[in-house]
Each structure stands twice: as C-alpha cells, then as structure tokens.
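Coordinates in review
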Amino acid sequence: MSKVEEFEELRPLLFSIAYRVLGSVSEAEDAVQETWLRYDASTTRPESTKAFLSTTVTRISIDVLRSARVRREEYVGPWFPEPLLSDPYQDPARSAELADSVSMAALLLLERLSPLERAVFLLREVFGFGFDEIGEAVGRSEAACRQLLVRARRHMAADRPRFAADRRERQELATRFLDALKDGDVGGLQNLLAADVQLVGDGGGKAPQLAKAVVGAENVARLLGSVYPWLLRIDVTFEPHEINGQPGAILRDRDGAILHTLTLDVLDGQIQTIRTVINPDKLTHLGPVADAWAIDREVRRVRRAEG
C-alpha cells in the first residue's frame, strides 16, 4: 500500500481518537491533517503505521487540548462539544465503548480529566490499546500510564453516564418528544421528562441562549412549549437525527440553514437532560448556519403582532 492508502485506511480511527480527546470536530480534523503532514514528511516507514499515526495524532491532540483549556475557562456560558452526526470509526468488538464515549454526557465528564488522563483513558478503555502503545503515545512509562488510568477511572466512576440500552425505546421517546414540542403540548412534554430534568444551552455569547440551566419537568416543559411552536410559525423545521450517538434533532430555518442542534439523554423511560448547541462556530462543519439573532427578532415580531 502507498502512504496515502495506509493513511486513508486509518483516518477514521485517527479522527475518532482526536475528537474524543478534543470534543471538537474542526480541531480533530486539523489534528488529523497535521498527522498526515508529519507522516508524509517522514523519510522512513514505521514498523507499525497504526502505532505511529495513533501516537502522532494523540500527541498533537494533547497539545491542542492544553491550549484549548485556557480558552474554555473564558467561554461565555456552558461549553458543549461540537455536535457529531456520525462516528467514522467502527469496531464491532468495541461498539458499546465507542458509542458511550462519544455522547455529550461522556465528553463533558472527560473534561474533568487532565489531558494525559483523558488520552490514556480513551486509548485503553475505548480503543483497547496496550499499555506499551499508550506509553509511546503519551510519552510516559507503562507504569505511569497504569497510574494515570487508575486516577481517570476514579474520576469517571461516580458520574459515568448511563443511557437506555434499547435504541428503539430511545428513538420512540424522542419521536414523542418532538411531536409534543411542535404542538406546544406542555402536559405531553412534562410526562416525558424526568422530575429533575435539565435544559442547558451552549451559545458561547454568539447567539441567543439561556441565562442558566432550567431545571424541573414543569419549568422545562413550560419553557419549551412557549418557544418552539413559534419557531414553526416562521417556517423553522425539525429534522430528527442521532447526534453524538443519542437521539436528537437539527433545527433549520426556511432556507435550510442550521439554527441549532438538540440532544436528549434518555434513561428509565424518561428524558434526563436536553442539550442545545446554537453557537454558530460549533455548527459550521454541518453546513450553512442560520442567523439565530434574526430568527429571535422575527419570533418576537410575530408574537407581538398576534398579541
């Protein structure tokens, strides 16, 4: 195989590693591209191309994450990962680990780990790398990597996200939720929500967003029922879509541009958390992005006109 063919065969794995380390589609794509440039510039062929490329993309991602941490400390409002519509890497032997690790809840939990702990945890627990490979990737001894993994597991254990195991159950609940959302059916929405449900939005100060999380089934249902039907009145459409492995939807304006994404955490037959990403910077990889401020103004005009 040529260098290009070898790289393209491993690209899905490299992106999946980088995205889980970084929580950003755009930064993960940049890390993968930088990995290719370093591989292409190398004058010798590695003994294991997979090991070389995995090590390279991991090290690049760790460096990017360290600088990104500073930016996230100054982020306006809650920070969520960039929405991922589909994971390019598939491994039947590790399908459960791969699916769980890409969810919004899991990626947010990983934010509690140091960059090294995060990389070691992902390479071992999600991708099944050996400690010798992990040590090479993060520049630490095998013993040090084992200690990093112990600490990472301890941090993750208490709040490890749980989701409904039955995919059909999750999708059916999401369908009922979206139908009630479109109808403004507050009672119907409330019946689908856990008592302590949270509604949280990521606008990054660049789009209309909630001042803080809304908590409680009644509060969340009333807010949703008072907002989303008006979006339909100005021709916003709801496109059901799995996002980060969880049921959700993409909202588009009348021209098809993306307004925001919506993701649902489902457990025990109820919706536990609703997360929206409306920051335009986090949506550009999905296609043209709508002007959320203009849509907000239009909704306000329509509401005033109709009393």
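Right, let's walk through the structure included here. (Residues numbered from 1 in each chain as written. Predicted model: local features only at pLDDT ≥ 70, side-chain atom pairs only at ≥ 80, totals over all residues. Heavy atoms only, no water.)

1. Comments concerning the nonpolar core
Within soluble globular proteins, side chains that are nonpolar tend to cluster in buried spots. For clarity, the cut-off: As used here, the term nonpolar core means buried Ala, Val, Leu, Ile, Met, Phe, Trp, Tyr and Cys residues forming a set that is joined through side-chain atoms within 4.5 Å. Each residue gets one of three labels from its accessible area relative to the maximum for its type: buried under 20%, exposed over 50%, partly exposed in between, using a 1.4 Å probe on protein chains only. Here a strand is any run of E in DSSP of at least two residues, a helix any run of H or I of at least four, and the numbering for each starts at the N terminus. Whether two residues are in contact is decided by their heavy atoms, any of which lying within 4.5 Å being enough.
Ile17, Tyr19, Phe127 and Val138 are the most contacted members of the largest nonpolar core, which has 47 residues in total. Only helix H1 (3–22), helix H2 (25–41), helix H3 (49–73), helix H5 (104–110), helix H6 (115–126), helix H7 (131–138) and helix H8 (142–157) provide two or more residues apiece to this core. Among the elements that make up this core, the one with the highest residue count is H1 (10 residues). Residues within four places of Ile17 in sequence aside, it is in contact with Ser54, Val57, Thr58, Leu123, Phe127 and Phe129. Ranked by size, the runner-up nonpolar core spans 37 residues in total, among them Leu173, Leu193, Trp230 and Leu231.

2. Considering the side chain of Thr55
The line we're drawing: We define a polar contact as two N or O atoms separated by no more than 3.5 Å, with the added condition that, inside protein, one atom must be a possible hydrogen donor and the other a possible acceptor, whereas residues neighbouring each other in sequence contribute only through side-chain atom pairs.
Inspection of the secondary structure puts Thr55 in helix H3. A relative accessible area of 10% means that Thr55 is categorised as buried. Within the structure, the side chain of Thr55 is placed 2.9 Å from the backbone oxygen of Ala51, a separation counted as a polar contact.

3. Considerations on unusual backbone geometry
It is generally the case that most residues other than glycine have a negative phi and that most peptide bonds are trans. A positive phi angle, close to 70 degrees, is found at Asp235, a residue other than glycine. Mapped onto the elements of the fold, Asp235 is located in the loop between helix H11 (217–233) and strand E3 (237–243). Unlike most non-glycine residues, Asp268 shows phi in positive territory, near 55 degrees. By the secondary structure assignment, Asp268 is in the loop between strand E5 (258–267) and strand E6 (270–277). Owing to a relative accessible area of 64%, Asp268 belongs among the exposed residues under this scheme.

4. Some thoughts on the packing of aromatic side chains
Worth spelling out the cut-off: Note on ring pairs: Phe, Tyr and Trp rings are taken, using the six-membered ring of Trp, and paired if centres are within 6.5 Å. Classes follow the plane angle, with under 30 degrees stacked, over 60 edge-to-face and the rest tilted.
What the rule picks out here adds up to six aromatic pairs. Ring centres of Phe15 and Tyr19 lie 6.0 Å apart, and the angle between their planes is 15 degrees; this geometry places the pair in the stacked category. Taken together, the residues span about one helical turn, with Phe15 and Tyr19 both in helix H1 at a distance of four residues. The burial state of Phe15 is the same as that of Tyr19; both residues are buried. Judged by centre distance (6.0 Å) and plane angle (45 degrees), the ring pair of Tyr89 and Phe127 falls under tilted. Taken as a pair, Tyr89 in the loop between H3 and helix H4 (95–101) and Phe127 in the loop between H6 and H7 lie far apart in primary sequence, 38 residues in all. For the pair Tyr89 and Phe127, one class covers both residues: buried. Each member of the aromatic cluster is reached from another via a ring pair, and the members are Phe7, Trp36, Tyr39 and Phe52.

5. Notes on a negative patch on the surface
Stated precisely, the cut-off is as follows: A patch is a set of surface residues, each over 30% in relative accessible area and not in a salt bridge, joined within 9 Å for like charges and within 5 Å for the nonpolar side chains Val, Leu, Ile, Met, Phe, Trp and Tyr. Using the Shrake-Rupley algorithm and a 1.4 Å probe, accessible areas are obtained, with residue cover drawn only from the displayed protein chains. Counted as salt bridges are all cases of a side-chain nitrogen of Lys or Arg within 4 Å of a carboxyl oxygen of Asp or Glu. When charges are counted, neither His nor the chain ends are considered; positive counts come from Lys and Arg and negative counts from Asp and Glu. For charged residues, the charge sits on one atom: NZ in Lys, CZ in Arg, CG in Asp, CD in Glu.
Together, Asp166, Glu169, Glu172 and Asp268 line one region of the surface with negative charge. Along the chain, Glu169 turns up in helix H9 (residues 167–183). Relative accessible area serves as the criterion here: at 32%, Glu169 is assigned to the partly exposed category.

Taken by themselves, the reported measurements are silent on function.
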